[in-house]
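Take a look at the letters that make up each chain.
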Amino acid sequence: MTIFPADVAVAFERGTVDGGYTGWPFVNAFKLYESAPNVSVLGLSNSTWQYVSISDVAWAKLNDEQKAIMLEAGDLAMDYNASLMEDYQAAFFANVEQAGGSVYYLTPDEQAVFLEASKVLWEEVATYSGPNGVKLMETLQALPW
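Throughout what follows, the structure given in this document is the object of discussion. Quick caveat, the model's predicted, so the values are computed rather than measured.

Rules behind the numbers
Residues numbered from 1 in each chain as written. Predicted model: local features only at pLDDT ≥ 70, side-chain atom pairs only at ≥ 80, totals over all residues. Heavy atoms only, no water. Phe/Tyr/Trp six-rings, centres within 6.5 Å; stacked < 30°, edge-to-face > 60°. Helix = DSSP H or I, 4+ residues; strand = E, 2+ residues; numbered from the N terminus. Buried < 20%, exposed > 50% of the residue type's maximum accessible area, 1.4 Å probe, protein only.

### A word on the packing of aromatic side chains
Moving on, step 1. Scanning all chains against the criterion turns up seven aromatic pairs.
Moving on, step 2. For the ring pair Trp-24 and Phe-92, a centre distance of 5.8 Å and an interplane angle of 25° mean the geometry is stacked. Placement of Trp-24 in helix α2 (residues 24-29) and of Phe-92 in helix α4 (residues 64-98) is noted, with a sequence separation of 68 residues between them.
Moving on, step 3. A residue is classified by how much of its surface remains accessible, and Trp-24, at 15% relative accessible area, is buried.
Moving on, step 4. Plain terms: the ring middles of Phe-93 and Tyr-105 are 5.8 Å apart, the flat faces sit at 70° to each other, and that makes the pair edge-to-face. Pair noted here: Phe-93 is in helix α4 and Tyr-105 is in strand β2 (residues 102-105), with a separation of twelve residues, a long-range link.
Moving on, step 5. A residue is classified by how much of its surface remains accessible, and Phe-93, at 15% relative accessible area, is buried.
Moving on, step 6. On the basis of relative accessible area, Tyr-105 is assigned to the partly exposed category, the value being 48%.
Moving on, step 7. A connected cluster of aromatic rings, assembled from ring pairs, spans Trp-24, Tyr-33, Tyr-88, Phe-92, Phe-93 and Tyr-105.

Shown next as structure tokens:
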């Protein structure tokens, strides 16, 4: 079920939910490790911060030189964000442990089981995502985990 961000910590504290699935920046920002101290790192994506986006409409308005500049700027921004992310993620893990929590890293075998179990979700979402949504999903699935 989907829970509004401001309600997640209270839902953990009251026992309304036992666990959740979200990115570690969200867990860190809302200090969810205080009410749900056992954090599992799935290792299924390289980051939640390393992407720069532009709409198809805006992209189509650019000439080739502008597109090249945007691609170069995007690469620079992604590299910069990757370095920021490493420091921020290390601080998050330290926060979890300092609060008395634990961090568990899924093994490759566990990751494979998780991915297999989630295939049905990808298939369900694809049924109503439309052609661009399916193309996005295929792109995301092709990223290195």
